Amino acid sequence: MGTWDHGLLDNDTAPDGLGDLVQSLLTDVEQIGAARPTLATTAKLITAIGLLLQLSAYSFEAQGPARTITAAVKSTGPHARARPGPPRAR
């Protein structure tokens with residue numbers, strides 16, 4: 001069921017697209033968590049998690065996919081805890 005108005009999310013297609021995007025991000029998180037940890041995979045993981053934070057609060061609830069996200073972060077080893085250096089002067 002959806003609403004049928006002229007607003008941005010007032011149809012079935014837009015929420016379905018957002019749901020597909022969230023599912024795709026969760027799949028990416030799972031695949032990245034299974035990959036060999038590198039700085040590049042950790043950056044991709046952090047990006048996917050940031051997008052999920054904006055799009056799907058449900059993903060972080062205990063009964064949701066939070067375990068998959070937590071396992072993926074733990075699998076990155078020290079890379080997720082690395083702090084960037086100071087900004088470079090131009």
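Attention here is on the structure that accompanies the text. (Residues numbered from 1 in each chain as written. Predicted model: local features only at pLDDT ≥ 70, side-chain atom pairs only at ≥ 80, totals over all residues. Heavy atoms only, no water.)

Focus on the nonpolar core
To be explicit about the condition: Only buried residues count toward a nonpolar core, which is a set of Ala, Val, Leu, Ile, Met, Phe, Trp, Tyr and Cys residues joined through side-chain atoms within 4.5 Å. Buried residues are those whose accessible area, probed at 1.4 Å on protein chains only, stays under 20% of the maximum for their type, while exposed residues exceed 50% and partly exposed ones sit between those limits. The helix and strand labels rest on DSSP assignments: H or I over at least four residues marks a helix, E over at least two residues marks a strand, and numbering proceeds from the N terminus. Whether two residues touch is decided by their heavy atoms; if any such pair falls within 4.5 Å, the residues are in contact.
With 11 residues, the main nonpolar core is built from Val22, Leu25, Leu26, Val29, Ile32, Leu45, Ala48, Ile49, Leu52, Ile69 and Ala72. Only helix H1 (13–34), helix H2 (39–55) and helix H3 (66–75) provide two or more residues apiece to this core. With five residues, the single largest contributor to this core is H1. Residues contacting isoleucine 32, with those up to four places away along its chain left out, are Thr41, Lys44 and Leu45.

Considerations on H1
The periodicity of an α-helix, 3.6 residues per turn, causes residues three or four places apart in sequence to face the same way. Filter applied, for reference: In this analysis, the expected span of each helix is defined as 1.5 Å times one less than the number of residues it contains. Directions are taken from the helix axis to each C-beta atom, and the arc is the one they span.
With 22 residues, H1 should cover 32 Å at 1.5 Å per step; its first-to-last C-alpha distance of 32 Å lies within 8% of that length. Taken together, the buried positions of H1 are Val22, Leu25, Leu26, Val29 and Ile32. Looking straight down H1, one finds its buried side chains confined to an arc of 130 degrees; they lie on one side. Exposed side chains of H1 directed beyond 90 degrees from the buried face belong to Thr13, Asp20, Glu30, Gln31 and Ala34. On the buried face of H1, the contacting elements are H2 and H3.

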